[in-house]
Amino acid sequence: MHEIRKNALNRRLCVAPMMDWTDRHCRVFHRNLAPNALLFTEMITAEAIIHGNLNQLIGHDPVEHPLALQLGGSNPETLAMAVGQASDKGFSEINLNVGCPSDRVRNGQFGACLMAKPKLVAECCQSMIAASNIPVTVKCRIGIDDMDEEQGLDRFVDLVADVGVQVFYLHARKAWLNGLSPKENRDIPPLKYDRARRLARRRNDLSIVLNGGLETVDQISAESTGFSGVMLGRAAYRMPYLLTAVSEVFFAASPPSRREVVDAMAEYADRMEKTRVPLRNITRHMLGLYAGQRGAKHWRRQLGENARLSDDGGAFIRKISDECEELAARLAK
Ligand SMILES: Cc1cc2nc3c(=O)[nH]c(=O)nc-3n(C[C@H](O)[C@H](O)[C@H](O)COP(=O)(O)O)c2cc1C
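Residues numbered from 1 in each chain as written. Predicted model: local features only at pLDDT ≥ 70, side-chain atom pairs only at ≥ 80, totals over all residues.

Asks: For the nonpolar core, give the residues involved together with the corresponding values.
Replies: Cys14, Cys125, Met128 and Leu170 are the most contacted members of the largest nonpolar core, which totals 98 residues. Both domains that meet at this core, namely domain 1 (13–251) and domain 2 (258–332), each give it at least three residues. Every residue in contact with Cys125, bar those within four places of it in the chain, is listed here: Leu96, Val136, Val138, Val160, Val163 and Val165. (Core = buried A, V, L, I, M, F, W, Y, C linked by C-beta atoms within 7 Å. Buried ≥ 20, exposed ≤ 12 C-beta atoms within 10 Å, placed from the backbone. Domains from an automatic or database assignment. Contact = placed C-beta atoms within 7 Å.)

Asks: I'd like to hear about helix α6 (residues 118–130), residue by residue, with values.
Replies: Taking 1.5 Å of rise per residue, 13 residues should cover 18 Å, and α6 covers 18 Å from first to last C-alpha, within 8% of that figure. On its buried side, α6 packs onto α4 (76–86), β4 (93–98), β5 (136–141) and α7 (151–162). (Helix = DSSP H or I, 4+ residues; strand = E, 2+ residues; numbered from the N terminus. Expected span 1.5 Å × (residues − 1).)

Asks: How would you sum up helix α12 (residues 258–273)? Please name residues and give values.
Replies: Compared with an ideal rise of 1.5 Å per residue, which puts 16 residues at 22 Å, α12 spans 22 Å between its outermost C-alpha atoms and is within 8% of the ideal. Within α12 the residues assigned to the buried category are Arg258, Val261, Val262, Met265, Tyr268, Ala269 and Met272. Projected down its long axis, α12 shows its buried positions confined to an angular sector of 125°, all on one face. (Arc of directions from axis to C-beta.)

Asks: I'd love a proper account of the environment of Ala296, names of residues and values included.
Replies: Of note, Ala296 is situated in helix α14 (residues 296–306). Among the residues examined, Ala296 registers 17 C-beta atoms within 10 Å and is labelled partly exposed. It is 9.7 Å that separates the C-alpha atoms of Ala296 and Leu327, two residues lying 31 residues apart in sequence.

Asks: Would you mind going over the site of the ligand in detail, with residue names and values included?
Replies: Neighbouring residues of the ligand: 23 residues in total, closest Ala16, Met18, Met43, Gly233 and Arg234. Here the shell around the ligand is built from residues that sort into 10 nonpolar, 8 polar and 5 charged. (Near = placed C-beta within 6 Å. Nonpolar A, V, L, I, M, F, W, Y, C, P; charged D, E, K, R; others polar.)

Asks: Can you explain unusual backbone geometry? Please cite residues and give values.
Replies: Residue Pro66 is bonded to the preceding His65 through a cis peptide linkage, with omega at 0°. Structurally, Pro66 can be placed in the loop between α3 (54–58) and β3 (67–72). The phi dihedral of Arg276 is positive, around 65°, even though this residue is not glycine. Here Arg276 is to be found in the loop between α12 and α13 (279–283). Taking the C-beta count within 10 Å as the criterion, Arg276 has 6 such neighbours and is therefore assigned exposed.

Asks: Got a sec to walk through the sheet that holds strand β8 (residues 229–232)? Specific residues and values, please.
Replies: The 8 strands are arranged β1-β2-β3-β4-β5-β6-β7-β8 in a closed barrel whose pairing can be described as parallel. Taking the axes of each pair of neighbouring strands and ignoring which way they run, one obtains an average angle of 30° across the sheet. Direction of pairing for β4 relative to β5: parallel, over a ladder of 5 bridges. By the bridge assignment for β5, Asn95 is matched with Thr137. (Pairing = 2+ DSSP bridges. Axes fitted to C-alpha atoms, helices over the stretch in contact; angles between N-to-C directions.)

Asks: How would you summarise the domain arrangement of the protein if you had to cite specific residues and measurements?
Replies: Segmentation of the protein into domains returns domain 1 (13–251) and domain 2 (258–332). Facing 11 residues of domain 1, the contacting portion of domain 2 comprises 13 residues. Of all the elements in the fold, those that place two or more residues in the side of domain 1 that touches domain 2 are α1 (24–33) and α10 (234–238). Here the side of domain 1 that touches domain 2 gets 6 residues from one element, more than from any other, and that element is α1. Partitioning the side of domain 1 that touches domain 2 into residue classes produces 8 nonpolar, 2 polar and 1 charged.

Asks: Give me the pairing of strand β6 (residues 167–171): which residues, what numbers.
Replies: Of all the 5 residues making up β6, 5 are buried; the element is thus mostly covered by neighbouring parts of the structure. Strand direction decides the pairing type here: β5 and β6, joined by 4 bridges, are parallel. Opposite Cys140, over in β6, you have Leu170 as the bridge partner. In this view, the connection linking β5 to its parallel neighbour β6 by way of α7 has right-handed handedness. Relative to strand β7 (residues 207–211), β6 runs parallel, the two sharing 5 bridges. Paired with His171 across the bridge in β7 is Asn211. (Right-handed = clockwise from strand over helix to strand, strands pointing away.)

Spelled out as structure tokens, the structure:
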């Protein structure tokens with residue numbers, strides 16, 4: 001087994017894997033907001049990695065580093081093969097999805113339903129670790145359905161940690177696999193930060209990163225106590241400037257202005273235009289940049305509706321940003 005360096009990566013601030021959202025363009029945007037955050041790919045199945053176009057699936061810009069690759073799967077051999085293909089592609093760690101409750105995922109026997117099969121998850125991780133020269137980590141829930149969230153979660157984590165997994169991203173609510181949609185499963189089962197904290201205290205030899213419902217700087221600062229870090233999902237996507245405020249608190253990083261982020265993304269958009277990436281594929285992730293600010297509506301509408309019509313790439317993003325700032329200045333008078 002390769003040596004796993006638990007502390008080599010800083011996981012104080014992580015941006016969650018989100019399918020259809022955290023693609024490579026989104027991650028470049030988040031990187032400009034949070035230079036120290038650990039970013040995650042969307043979940044990619046082990047089968048896809050083995051049979052698909054590797055560059056299309058996991059190609060990324062070095063600026064995205066540190067970046068974790070999230071895999072979905074439950075077959076130890078297939079997962080090891082996928083790890084073999086991906087582990088020299090610049091990722092900082094490989095993460096196994098044991099938290100996603102969608103039907104598509106359940107039918108393939110991976111995601112949150114695997115919380116009921118800790119021995120299988122341990123086997124999967126063991127074979128991934130054997131095939132990997134970077135850390136293998138797990139993202140999971142505190143339980144599923146009627147699983148006992150005290151003993152059940154402890155047993156799950158202990159068995160998986162026994163094979164060498166040292167980092168767990170814990171969405172601090174159960175997944176109810178019968179009857180709730182994936183979206184409902186992100187909101188309805190109650191959040192139990194205390195349960196997550198008890199785990200972090202009992203297994204203080206591991207890195208436990210808290211996830212679920214973290215939305216404001218004050219709440220994040222308060223709730224992060226006792227954990228190795230926090231993982232932000234929807235709040236980071238919908239109110240991305242939050243990442244700068246959290247980075248300021250955690251890393252004393254001086255926050256870039258929205259305009260600096262716009263300029264960096266405009267340059268990126270011009271670079272991507274040369275490889276025929278439509279502007280809209282980049283701007284769709286940026287709609288929340290001015291959330292809560294004067295001009296937010298204008299930004300959202302222009303970027304959302306007109307980016308696809310624009311053929312002047314970065315200049316379009318800069319122009320809308322100028323208009324927002326002018327609008328904000330006028331409204332402030
Ligand atoms: C659109 C969307 C897609 C998601 N896709 C994934 C995924 O691919 N893998 C995963 O482990 N979790 C996925 N999640 C769950 C998030 O990673 C996170 O655990 C969840 O949203 C709770 O965190 P939050 O309350 O900060 O959003 C997804 C969530 C959303 C909203």
